Structure formats: structure tokens, C-alpha cells
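Commentary on secondary and tertiary structure
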Amino acid sequence: MIALLIIRCFRFSRVIMSYLVSVYGKDESLYPKDFRSRAIVDQRLHFDLGTLYQRVVDYYFPTIFFGAHLDQTKKAKLAEALGWFDAMLKPYQWSAANHFTIADISLCVTVSQIEAFQFDLLPYPRVRAWLQKCKDELEPHGYHDINVTGAETLAALFRSKLKQ
């Protein structure tokens, strides 16, 4: 039940996700109570919102909403953030721990959007392997219907703006 509730939060705030898991989670695996472990999860959530997702917005959204040309400087910034994320994955099996957390949910939404936009993920082998693990973990909870459909719709809108 909690996994379904969390996956429905894909489009909601990371704060709401952490609140729901703190209140309704059967255990602390998704959002640890241990301060050190929670700090790593929180850092990944903040990295996602303030760096990785922000760079997706900076690079793609001017084209989507205003028909602007893609800015190669912003593309390089997105690549830089993906490189940082690839390095963050080195010490863990997942993004913030050796088990699945809400940081994986949040980052998965962002990275799957990047994938839908057809950004080259080949230089980031840990990101690619981690993304596949996330998809496998979330698919029984409606990952495709909840996340992929929206990502593909936004990516199609982006591609249509490139043709104009």
C-alpha cells in the first residue's frame, strides 16, 4: 500500500513524499530515521530538485514553452550534473543507500525524463544501471502508467517544438 501511495507522489513535492513515508511507512527503509542515513537521502533529494532537475528545466523547458534554440552551455551543465550523480552511485547499490529509498523515486522521475528526451546516457554507466533497477523495482507499482506515459508526452512535445 505504501509503495502505491509513494509512486502516486511522483508529481508531488519531495517534502510530501518524505512526510507520507514518515507517517505511513511500515518501516524506515524508504526514509531512514537514523540521522546520518537520512541526511544522505535528504542530500540526494535536494540534489535532484536543486541541481539535476533544475538543469533539465534550464536546458529543455525554454524550447518546450517558448520555442527557443537549445543552449549547448546548458546541455554541458546537465551533463555535469549527470556525471556527479554517476559518481554518487559508486559507494551504494542505490542512490543513497544499499536499499531503495525515496531518493531513488525522486531521482528516477528526473532521470527517466532525461532518458525520454533522448539525452545520451551512455557516458554514465552507473546511472543507466541504477535507472534500470529503479524501473524493475517500481514497475509492479504502476511505474509505466504513472511515470513513463507523462515523460514520453513531455518529450514528444519537446521534439515537436524542435521541428518548428
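Treat the numbers as computed from the prediction; the structure is a model and nothing was measured. (Residues numbered from 1 in each chain as written. Predicted model: local features only at pLDDT ≥ 70, side-chain atom pairs only at ≥ 80, totals over all residues. Heavy atoms only, no water.)

1. A few points about the overall build of the protein
Going by this rule: By the criteria applied, helices consist of DSSP H or I runs no shorter than four residues and strands consist of E runs no shorter than two, each listed in order from the N terminus. Atoms counted for the radius of gyration: C-alpha only. Globule rule: 2.2 Å times residue count to the power 0.38. Throughout, exposure labels follow a simple rule: accessible area from a 1.4 Å probe, protein chains only, divided by the maximum for the residue type, with under 20% read as buried, over 50% as exposed, and the rest as partly exposed. The contact rule is simple, with two residues in contact once any of their heavy atoms fall within 4.5 Å. In this description, accessible areas are obtained by the Shrake-Rupley approach with a 1.4 Å probe, and a residue is regarded as covered only by the protein chains that are shown. Charge convention: Lys and Arg are scored as positive, Asp and Glu as negative, and His as well as the terminal groups of each chain are ignored. Each charge is placed at NZ for Lys, CZ for Arg, CG for Asp and CD for Glu.
Scanning the protein for helices and strands turns up seven helices and zero strands. Secondary structure elements in the protein, listed N-terminal to C-terminal, are α-α-α-α-α-α-α. Here the C-alpha atoms of the protein give a radius of gyration of 16 Å, agreeing with the 15 Å that 2.2 N^0.38 yields for 164 residues. Oriented by its inertia axes, the alpha-carbon framework of the protein measures out at about 50 × 30 × 25 Å. Taking all 164 residues of the protein together, 43% fall into the buried category. Across the protein, the fraction of contacts at a sequence separation of at least 24, relative to all contacts at a separation of at least 6, is 69%. Surface summary for the protein: the accessible area is close to 8,900 Å², and the carbon and sulfur share equals 58%. Taken as two groups, the 20 positive and 17 negative side-chain charges of the protein have centres that lie 4 Å from each other.

2. Re the side chain of Asp104
Operational definition: Note on definitions: salt bridges are taken to be side-chain nitrogens of Lys or Arg within 4 Å of carboxyl oxygens of Asp or Glu. Think of a polar contact as two N or O atoms within 3.5 Å of one another; within protein, one of them needs to be a possible hydrogen donor and the other a possible acceptor, and neighboring residues in sequence only count if both atoms come from side chains.
With respect to the helices, strands and loops of the structure, Asp104 is situated in helix α5 (residues 102-116). Buried charge without a salt bridge: Asp104, with Lys133 as the nearest opposite-charge side chain at an N-O distance of 7.5 Å. Side-chain polar atoms of Asp104 contact the backbone nitrogen of Ser95, separated by 2.8 Å. A polar contact of 2.7 Å, which involves the side chain of Asp104, links it to the side chain of Trp130. With near-sequence residues (within four places) excluded, Asp104 lies in contact with Trp94, Ser95, His99, Trp130 and Cys134.

3. Some points on the environment of Ala87
One can find Ala87 in helix α4 (residues 72-88). Distance in space between the C-alpha atoms of Ala87 and Glu139 is 25 Å, their sequence separation being 52 residues.

4. Digging into unusual backbone geometry
Of note, the phi angle at Gln118 is positive, near 65°, even though the residue is not glycine. Among the secondary structure elements, Gln118 is positioned in the loop between α5 and α6 (125-138). According to the relative accessible area criterion, Gln118 is exposed, its value standing at 60%.

5. Quick word on the packing of α4 against α6
A packed helix pair is summarised by two numbers, namely the angle formed by the two axes and the spacing between the axes. The criterion, for reference: Axis lines are fitted through C-alpha atoms, for helices just across the contact stretch, and the angle between N-to-C directions can take any value from 0 to 180 degrees. Roughly parallel means an angle under 35 degrees; roughly antiparallel means over 145; roughly perpendicular covers 65 to 115; every other angle is labelled oblique. Only Asp, Glu, Lys and Arg are considered charged in this grouping, and only Ala, Val, Leu, Ile, Met, Phe, Trp, Tyr, Cys and Pro are considered nonpolar; every other residue, Gly among them, is considered polar.
It is the contact of α4 with α6, at a shortest axis distance of 8 Å, that shows an interaxial angle of 70°. Here α6 runs roughly perpendicular to α4, going by the angle between their axes. Facing Leu82, Phe85, Asp86 and Ala87 of α4, the residues of α6 in contact are Pro125, Arg126, Val127 and Trp130. Partitioning the contact of α4 with α6 into residue classes produces six nonpolar, no polar and two charged.

6. A few points about the nonpolar core
Here is the rule we go by: Joining through side-chain atoms within 4.5 Å is the link that ties buried Ala, Val, Leu, Ile, Met, Phe, Trp, Tyr and Cys residues into a set, and such a set is a nonpolar core.
Counting 44 residues, the largest nonpolar core has Leu52, Tyr60, Leu78, Phe85, Ile102 and Trp130 as the members making the most contacts within it. Secondary-structure elements contributing two or more residues to this core are α2 (14-24), α3 (35-66), α4, α5, α6 and α7 (143-163). Top element by residues in this core is α3. It accounts for nine residues. The residues touching Leu52, leaving out its near neighbours within four places in the chain, are Phe47, Leu78, Ala81, Leu82, Leu107, Thr110, Val111 and Ile114.

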